[in-house]
Amino acid sequence: MPRIEEASALRALSERARRILAIFPHPDDESYGPAGTLARYRDDADTATAVFILTRGEASSMGPQRGLSPDEVAALRRTRLDAVDRHLGLDALLIGSLPDSGMQYRPWTELVATIEAAVDAFRPHVVIAHDPRGVNAHPDHVAAHWAIRGVLAERPDIRLAMLAYRQDDADAVAPRLLFPTPDARIDCVIDLTEAEIEAKQRALDEHEALVTLRDDGSDRIHRPAQERYDFLGERIDLPAADLFAGYSFGNRT
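Residues numbered from 1 in each chain as written. Predicted model: local features only at pLDDT ≥ 70, side-chain atom pairs only at ≥ 80, totals over all residues. Heavy atoms only, no water.

## Side note on the sheet that holds strand β5 (residues 159-164)
Each strand in a sheet pairs with another by means of backbone hydrogen bonds, the pair being arranged parallel or else antiparallel.
Here's step 1: Pairing is mixed across the open sheet formed by seven strands, whose spatial order is β3-β2-β1-β4-β5-β9-β6. Here the strands that pair on one side only, and so sit at the sheet edges, are β3 (92-98) and β6 (188-191). Strand-to-strand, the axes of this sheet are offset by a mean angle of 25°, without reference to chain direction.
Here's step 2: Lying on the sheet, helix α4 (residues 70-88) is in contact with β2 (47-55) and β3; it crosses β3 at an angle near 155°. (Pairing = 2+ DSSP bridges. Helix = DSSP H or I, 4+ residues; strand = E, 2+ residues; numbered from the N terminus. Axes fitted to C-alpha atoms, helices over the stretch in contact; angles between N-to-C directions. Contact = heavy atoms within 4.5 Å.)

What follows is the structure in structure tokens.
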């Protein structure tokens, strides 16, 4: 799949019938989050999937752990994203240059302008992102959420699908922090197929994703077979099984 560096290149995909743009601060956020959902659409010629990673991921702890400079870390993480691109069958991968672990210190206008350029070029129907708590309170996650909210405030035709996790997901990764979403706020539950679970696993493996431990100390990887979303400002009586449920492509119902 093409590796797209400029937001203007997204315009080539902007006429697809259905368009999903996932926006996250760091390389690996897309794999921990909606990887299975994105993989679902890889063979759908009518749907375009794009991922916009806002930073190069240069502040990762792998730098001091491996004796790598920030630029070397960024290059390694870019290589991993390229592999994830292939596993998920993305139509576009966009890499930004906002400062990793420093987004909260950048001017609000800069964050908004960066995201706005991609949104205006791609014209997504659905944007996937973190929730207001950033899932785990990472300052970059929180800053990205509110900048996305700023961009979408004047675009009510774009659905914001926020990653949602149940209490059992939070318990499974403890003591790592993960904020659960109340069940009543979960508007969409996507049951992943075996192929989609495998694609998500391959994406996580590329990033050397963290493992959790069983009570007996043995390693395991917690990989839920569902991905869940809270549609900001919308209430779905029964959880939908698709990101586009109730969306009339121009006017949400």
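## Topic: the side chain of Asp 187
Here's step 1: Tracing the backbone through its elements, the reader meets Asp 187 in the loop between α8 (167-173) and β6.
Here's step 2: A polar contact is formed between the side chain of Asp 187 and the side chain of Arg 235, at a distance of 2.6 Å.
Here's step 3: Not counting residues within four places of it along the chain, the set of residues in contact with Asp 187 comprises Tyr 229, Asp 230, Phe 231, Glu 234, Arg 235, Ile 236, Leu 238, Pro 239 and Ala 240. (Polar contact = N/O pair within 3.5 Å; in protein donor to acceptor, adjacent residues only side chain to side chain.)

## Some words on the nonpolar core
Here's step 1: Leu 88, Ile 128, Tyr 229 and Leu 243 are the most contacted members of the largest nonpolar core, which totals 33 residues.
Here's step 2: The next biggest cluster of nonpolar side chains, apart from the first, holds 30 residues, and it includes Leu 21, Phe 52, Val 112 and Ile 158. (Core = buried A, V, L, I, M, F, W, Y, C linked by side-chain atoms within 4.5 Å. Buried < 20%, exposed > 50% of the residue type's maximum accessible area, 1.4 Å probe, protein only.)

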